[in-house]
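Observations on the model geometry
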Amino acid sequence: MRIEEETDGVSASRNHLVFAYYVTGHGFGHATRVVEVVRHLILAGHDVHVVTGAPDFVFTSEIQSPRLFIRKVLLDCGAVQADALTVDRLASLEKYSETAVVPRDSILKTEVEWLASIKADLVVSDVVPVACRAAADAGIRSVCVTNFSWDFIYAEYVMAAGSHHRSIVWQIAEDYSHCEFLIRLPGYCPMPAFRDVIDVPLVVRRLHRSRKEVRKALEIDDDVKLVILNFGGQPSGWKLKEEFLPPGWLGLVCGASDSQELPPNFMKLAKDAYTPDIIAASDCMLGKIGYGTVSEALAFKLPFVFVRRDYFNEEPFLRNMLEHYQSGVEMIRRDLLTGHWRPYLERAISLKPCYEGGINGGEVAAQVLQETAIGKNWASDKLSGARRLRDAIILGYQLQRVPGRDMAIPEWYANAETELRIGSPTCQMSENDEKSSLMNSCIEDFEILHGDLQGLSDTMTFLKSLAELDSAYESEKATEKRQIRERKAAAGLFNWEEEIFVARAPGRLDVMGGIADYSGSLVLQMPIREACHVAIQRNQPNKHRLWKHALARQEAKGQSSTPILQIVSYGSELSNRSPTFDMDLSDFMDGDHPMSYEKAKVYFSQDPSQKWAAYVAGVILVLMTELGVRFKDSISLLVSSAVPEGKGVSSSASVEVASMSAIAAAHGLSISPRDLALLCQKVENHIVGAPCGVMDQMTSACGEANKLLAMLCQPAEVLGLVEIPGHVRFWGIDSGIRHSVGGADYGSVRIGAFMGRTMIKCTASTIMSRLFSTENGMNPYELEDDSSELPKAEASLDYLCNLSPHRYEALYVKTLPESILGEAFLEKYADHNDPVTVIDPKRYYGVRAPTRHPIYENFRVKAFKALLTSANSDDQLTALGELLYQCHYSYSACGLGSDGTNRLVQLVQEMQHSKASKVNDGALYGAKITGGGSGGTVCVVGRNCLQSSQQILEIQQRYKSATGYLPFIFEGSSPGAGKFGYLRIRRRTAKLN
């Protein structure tokens with residue numbers, strides 16, 4: 001970085017672009033969000049010249065790069081504030097006239113010459129009006145990035161100040177009209193001056209330190225309640241007092257002057273304190289509404305106690321968004337100044353902020369800007385007229401409202417659909433618009449009697465599809481399409497006048513650990529965005545809607561009012577299975593006791609097209625067997641999963657966990673997420689017949705969004721959640737090769753590992769015998785350890801992963817065969833002591849590689865976990881990637897690789913070691929096959945930056961070119977079933993047919 005005075009010009013090319021980024025002089029909020037966009041542009045290898053009046057440290061504390069140039073020029077003034085909560089409207093107009101109107105001609109001349117001198121490829125403005133006109137005069141395209149424009153803000157000021165200032169607003173709007181399009185941020189105001197719009201997620205600064213690290217640095221205990229005061233200066237005539245805060249609270253004050261004295265329960269923050277870290281480490285925020293405070297409160301799920309500002313018209317739109325996601329509590333100004341804070345703070349910490357939308361708006365905006373600079377045309381005039389009309393109408397409402405009266409935002413404006421979207425798998429545009437519309441629809445369709453949607457758009461979509469089923473039930477249109485059959489069958493499941501319970505469970509991305517789970521390894525798993533939803537309803541048997549064949553079956557048996565289980569599963573057309581399953585619940589009984597798991601396995605295997613039902617109905621048998629539950633009511637279940645099958649991301653676990661969560665909720669069963677996961681594992685091991693470990697179910701049940709679940713599989717000890725550092729990102733790339741935990745390869749490798757453990761225990765017992773033998777003259781010092789404790793522990797080894805790599809290499813590796821015939825093993829050792837696999841006497845099993853893998857994998861996972869908490873550096877990312885590579889090749893040595901996954905890992909390596917990556921400091925660092933192997937998905941680790949996303953997409957296209965298959969990309973995360981809980985809903989009376 002260097003402060004720019006003059007420049008001789010920089011040549012631009014497709015790979016090296018030059019951006020001129022103008023930043024408004026209004027406060028620091030604009031500069032801080034610009035930092036995030038600029039950071040991604042620089043990471044992509046481009047030069048960015050920032051034109052700003054903000055202090056250098058706002059940019060240099062976050063970006064240290066020779067590609068950043070800062071030019072200290074102020075071209076507008078924003079809103080002039082009389083104090084932290086009051087805007088002086090007349091002074092704002094006069095200051096703008098002095099700053100931007102009077103010297104306009106000289107500003108344009110200077111900027112046109114400067115833009116030519118740096119050879120700018122694109123002008124970006126947030127949101128300086130004259131920058132757009134200067135760009136047009138210089139023959140350069142321009143784009144604005146903002147949630148409001150100054151013509152909207154100043155329009156009301158003109159109404160108050162007099163018509164002689166009106167030309168200011170017209171000139172600002174005219175300047176903006178030269179902009180090619182607007183990158184619009186969530187919480188936006190009407191901006192009719194812009195011809196076209198692209199919506200992006202929240203632009204939020206990344207975190208540098210964890211909550212624990214911040215509190216440790218500030219010497220604040222974890223049990224202290226923290227409120228951060230974020231006003232950008234102090235309200236006029238305001239003096240903080242000790243009694244303002246409840247006992248046990250501490251206030252962190254931003255922007256306090258050096259001379260200001262604070263009570264003992266308040267603390268000054270340094271002028272250059274990195275506020276996102278402080279915000280994320282606090283329990284709530286007290287301040288004024290602005291884009292920066294609102295976006296960071298939403299992103300970090302921090303309750304926000306806000307005080308309104310006078311005459312700042314951006315506020316109602318941001319407040320609307322804040323309250324929509326249950327994150328805001330309004331404090332009246334009198335209570336702020338008199339210190340009546342307690343009820344507001346206590347109300348705030350009782351909130352459950354539910355924003356789950358994107359926070360990568362900086363990355364997305366940078367991608368749009370980069371593609372615009374190299375010539376892509378985003379403009380689309382097809383729908384811009386309607387959007388601009390909506391904006392103009394709201395602007396008219398704003399100008400005509402009674403002075404001093406708050407602005408009411410019409411619902412049709414807040415929920416208006418976005419006109420232009422980016423069709424990239426890594427860009428989710430207009431998420432707030434879509435979610436707002438879905439949320440309103442859900443509330444209109446259902447009373448939510450218990451639970452919280454948590455802002456999850458997939459849950460809202462599921463409820464919307466549920467609401468549409470009753471109309472499908474009445475439809476008489478016949479069709480042979482299976483998808484319509486599913487919906488018609490589902491429509492007949494529920495009595496719409498009764499309560500329905502809904503549960504949700506995500507799939508998982510195996511970051512580290514994989515098949516070592518059954519050997520007791522530490523594993524690190526991330527719940528993915530894709531999830532399974534299950535809706536359930538209990539009905540008395542005599543009120544239960546029965547399908548015709550189920551009714552006929554009961555009549556044939558001479559039964560009446562017998563509890564029935566009916567299941568509909570969406571997506572059956574994708575896997576050639578029946579969309580429905582039903583059975584008498586009495587079929588689960590064998591006399592007075594539940595049938596055995598072995599009999600249930602045979603029962604569900606009778607019809608291959610309905611074998612899938614074991615994952616759902618098997619939950620009921622496990623609850624009957626393990627917890628003694630008896631089901632007297634009929635049960636209707638609808639299963640809708642977005643977790644793709646056969647891709648190694650635990651589609652089966654998500655179905656099991658969602659099903660058990662729903663059944664437990666509907667029957668009032670209190671089961672902890674950990675116990676629920678263990679019960680679901682029994683479904684898969686004993687009823688489905690797949691010999692999986694428990695990490696899949698545990699992640700689906702206990703995981704949290706954007707964190708890795710750390711679990712020691714001995715058998716299932718959750719060690720906690722590991723924060724994914726802000727600069728690290730994980731992706732999953734599907735190879736297109738179907739993965740199956742129940743496949744022979746997985747089972748044979750598991751058997752080989754248990755055989756190896758048996759052999760090691762036998763060898764350790766022999767060592768123990770020799771150690772204590774007095775007949776052979778064995779010198780105990782010939783052993784690696786002069787103690788008998790290690791051989792004693794190894795002779796009774798419960799889990800392979802409790803054996804250290806150096807002990808394995810020193811004493812046991814040479815005693816293990818590469819492979820062994822099942823019959824020979826059974827003859828010598830009798831059993832391998834694995835309750836979920838059976839040795840085939842006529843088959844050869846690999847032993848050494850399947851045994852070595854979990855021993856070394858456990859060590860790799862521990863190292864990986866430690867590295868995640870180390871300092872941010874290229875060495876850290878390189879080491880993380882190397883551990884993934886080592887894991888991948890260890891899988892292959894066991895025989896669990898595949899051509900597709902090997903090709904994807906090779907593509908990641910080629911990308912990592914390419915000249916372009918080396919020049920730009922690298923983006924992708926490693927990859928590995930996941931889960932049970934033999935196909936499925938590859939996990940990739942990389943730097944959390946725009947270049948990484950571009951490289952992932954390039955790998956996707958290269959793989960398609962080589963194989964003809966376009967891989968599915970998994971990115972993003974969502975809460976596990978335990979965190980989600982359940983919904984209890986009832987159809988609104990007005991919506992019933």
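Residues numbered from 1 in each chain as written. Predicted model: local features only at pLDDT ≥ 70, side-chain atom pairs only at ≥ 80, totals over all residues. Heavy atoms only, no water.

**Focus on the overall build of the protein**
To keep it simple, the criterion reads: Only runs of H or I of at least four residues qualify as helices and only runs of E of at least two qualify as strands under DSSP, and these elements are numbered from the N terminus. Exposure is judged per residue with a 1.4 Å probe applied to protein chains only, and the accessible area is read against the type maximum: over 50% gives exposed, under 20% gives buried, and values in between give partly exposed. Whether two residues are in contact is decided by their heavy atoms: any pair within 4.5 Å suffices. Surface exposure here means Shrake-Rupley accessible area, sampled with a 1.4 Å probe, where a residue is shielded only by the protein chains that are shown.
Looking only at helices and strands, the protein features 36 helices and 33 strands. Counting all 993 residues of the protein, 58% fall into the buried class. Partitioning the intrachain contacts of the protein with sequence separation of at least 6 by distance along the chain shows that 71% fall at a separation of at least 24. Within the structure as shown, the protein displays about 39,300 Å² of accessible surface, and the carbon and sulfur contribution to it stands at 49%.

**Quick look at the pattern of salt bridges**
Where we set the bar: A side-chain nitrogen of Lys or Arg and a carboxyl oxygen of Asp or Glu constitute a salt bridge if their distance falls within 4 Å.
Summed over the entire model, instances satisfying the criterion amount to 45 salt bridges. Shared partners join several salt bridges into a network, and the residues in it are Glu-704, Lys-707, Glu-723 and Lys-979.

**Describing the packing of helix H24 (residues 651–666) against helix H26 (residues 695–702)**
For clarity, the cut-off: Convention adopted: a line fitted to C-alpha atoms gives each axis, helices being fitted over their contacting stretch, and angles between N-to-C directions are expressed from 0 to 180 degrees. Here the word oblique covers every angle except those under 35 degrees (roughly parallel), over 145 (roughly antiparallel) and from 65 to 115 (roughly perpendicular). Each crossing is labelled by how the near helix is turned from the far one, with a counterclockwise turn of less than a right angle marking it left-handed and a clockwise turn marking it right-handed. When residue character is reported, Ala, Val, Leu, Ile, Met, Phe, Trp, Tyr, Cys and Pro are called nonpolar, Asp, Glu, Lys and Arg charged, and the others, Gly included, polar.
As a packed pair, H24 and H26 sit with axes 9 Å apart at the nearest point and diverge in direction by 50°. Between H24 and H26, the angle falls in the class oblique. Along this stretch, H24 crosses H26, giving a crossing that reads as right-handed. When H24 is examined against H26, the residues Ala-653, Ser-654, Glu-656 and Val-657 are found in contact with a partner set consisting of Asp-696, Gln-697, Ser-700 and Ala-701. The residue inventory of the contact of H24 with H26, partitioned by class, reads three nonpolar, three polar and two charged.

**Quick word on the pairing of strand S21 (residues 580–584)**
A regular strand places its side chains so that they alternate between the two faces of the sheet. Just so we agree on the cut-off: Any two strands are treated as partners once DSSP identifies two or more bridges connecting them.
For S21, the tally of buried residues reaches five of five residues, placing the bulk of the element in the interior. Across five bridges, strand S20 (residues 564–569) lies against S21 in antiparallel orientation. Bridged to Leu-565 within S21 is Met-583.

**Description of the environment of Gly-53**
As for its position among the elements, Gly-53 is in the loop between strand S3 (47–52) and helix H2 (57–60). When its relative accessible area of 46% is taken as the criterion, Gly-53 is described as partly exposed. Remark: the alpha-carbon pair of Gly-53 and Val-23, spanning 30 residues in sequence, is separated by 7.7 Å.

**A closer look at the nonpolar core**
Quick note on the threshold: In plain words, nonpolar cores are sets of buried Ala, Val, Leu, Ile, Met, Phe, Trp, Tyr and Cys residues tied together by side-chain atoms within 4.5 Å.
In this structure, Phe-19, Tyr-21, Val-38, Phe-59, Ile-183 and Leu-369 are the most contacted members of the largest nonpolar core, which totals 68 residues. Here the element with the most residues in this core is helix H1 (residues 29–43); it accounts for seven residues. In this structure, Cys-532, Met-595, Val-657 and Ala-658 belong to the second largest nonpolar core, which totals 61 residues.

**So, the sheet that holds strand S31 (residues 937–943)**
Spatially, four strands are ordered S30-S31-S27-S32 in an open sheet, and the strand pairing comes out antiparallel. On the outer flanks of this sheet lie strand S30 (924–929) and strand S32 (969–970), each paired with one strand and no other.

**What about the confidence of the model for the protein?**
The cut-off we apply is this: Confidence of the prediction at every residue is given by pLDDT, a number between 0 and 100.
A residue-level look at the protein finds 85% of positions with pLDDT of 70 or above and a mean pLDDT of 85. Contacts for the low-pLDDT stretch residues 1–13, under 50 throughout, to residues beyond four places or in other chains number 34 contacts. Considering only residues more than four positions removed or in separate chains, one finds that residues 400–407, a stretch of pLDDT under 50, has eleven contacts.

**Concerning helix H4 (residues 104–118)**
Test applied: How far a helix is expected to stretch is found by multiplying one less than its residue total by 1.5 Å. The arc in question is the one spanned by the directions pointing from the helix axis to the C-beta atoms.
Relative to the 21 Å expected for 15 residues at 1.5 Å per residue, H4 spans 21 Å between its end C-alpha atoms, a close match to the ideal helical length. Where H4 is concerned, the buried positions are Arg-104, Ile-107, Leu-108, Glu-111, Trp-114, Leu-115 and Ile-118. All buried residues of H4 project into a common sector of 140° when viewed along the axis, lining one side. Structural note: H4 exposes Asp-105, Lys-109 and Ala-116 on the side pointing more than 90 degrees away from its buried face. Looking one or two residues beyond H4, the residue adopting positive phi is Lys-119, at roughly 55°.

**What about the side chain of Glu-656?**
Threshold: Charge assignment: positive for Lys and Arg, negative for Asp and Glu; neither His nor the chain ends contribute. By the criterion applied in these results, polar contacts are pairs of N or O atoms within 3.5 Å in which, for protein atoms, one can donate a hydrogen and the other can accept it, and in which residues neighboring in sequence qualify only through two side-chain atoms.
Its location among the elements puts Glu-656 in helix H24. Although Glu-656 is buried, it forms no salt bridge, and the closest oppositely charged side chain is Arg-508 at an N-O distance of 11 Å. Here Gln-697 takes part through its side chain, which lies 3.0 Å from a polar atom of the side chain of Glu-656. With sequence-adjacent residues up to four places away left out, Glu-656 is seen in contact with Tyr-615, Val-619, Cys-680, Val-683, Glu-684 and Gln-697.

**Digging into the packing of aromatic side chains**
Counted only if it meets this: A pair of aromatic rings is counted whenever rings of Phe, Tyr or Trp (Trp by its six-membered ring) have centres within 6.5 Å, and the orientation is called stacked for planes under 30 degrees apart, edge-to-face for over 60 and tilted otherwise.
Inspection of every chain in the model, using the stated rule, returns 21 aromatic pairs. With a centroid separation of 5.4 Å and an interplanar angle of 65°, the aromatic rings of Tyr-96 and Tyr-154 are classed as edge-to-face. Here Tyr-154 lies in helix H6 (residues 150–161) and Tyr-96 lies in helix H3 (residues 89–101), a separation of 58 residues in the sequence. The same class applies to Tyr-96 and to Tyr-154, which are both buried. Aromatic side chains Tyr-154 and Tyr-157 sit 5.7 Å apart centroid to centroid with 45° between the ring planes, which places their arrangement in the tilted category. On the criterion of helical spacing, the pair formed by Tyr-154 and Tyr-157 is a turn pair, its members being three residues apart in helix H6. Here Tyr-154 falls in the buried class, since its relative accessible area comes to 0%. Note on Tyr-157: relative accessible area 0%, which makes it buried.

**Some words on the sheet that holds strand S12 (residues 249–253)**
The parallel open sheet is built from six strands, whose spatial order is S13-S12-S11-S14-S15-S16. Two strands in the sheet have a free side with no partner beyond their single neighbour: strand S13 (266–268) and strand S16 (328–330). With direction set aside, neighbouring strand axes in the sheet form an average angle of 25°. Pairing of strand S11 (residues 225–230) with strand S14 (residues 284–288) involves four bridges; the strand directions are parallel. Note on S14: the bridge partner recorded for Asn-230 is Gly-287. This element, helix H11 (residues 315–324), spans strand S15 (304–307) and S16 of the sheet and lies at about 155° to S15.

**Here's the deal with the side chain of Glu-530**
Within the secondary structure layout, Glu-530 lies in strand S19 (residues 522–539). Buried within the structure, Glu-530 lacks any salt-bridge partner; its nearest side chain of opposite charge belongs to Arg-529, at an N-O separation of 4.1 Å.

**Digging into the environment of Ser-934**
With respect to the element layout, Ser-934 can be found in the loop between S30 and S31. Since its relative accessible area comes to 18%, Ser-934 is described here as buried. When the C-alpha positions of Ser-934 and Thr-901 are compared, they lie 8.3 Å apart, and in sequence the two are 33 residues distant.

**Brief notes about the packing of helix H31 (residues 848–868) against helix H32 (residues 874–894)**
Packing of H31 against H32 leaves a shortest axis separation of 10 Å and a crossing angle of 165°. With respect to H32, the axis of H31 lies roughly antiparallel. Where H31 crosses over H32, the handedness of that crossing is left-handed. Residues Ala-849, Pro-850, His-853, Glu-857, Arg-860, Ala-863, Phe-864, Leu-867 and Leu-868 of H31 touch H32, and the partners they reach there are Gln-876, Ala-879, Leu-880, Leu-883, Leu-884, Gln-886, Cys-887, Ser-890, Tyr-891, Ala-893 and Cys-894. Its residues placed into classes, the contact of H31 with H32 shows 14 nonpolar, four polar and two charged.

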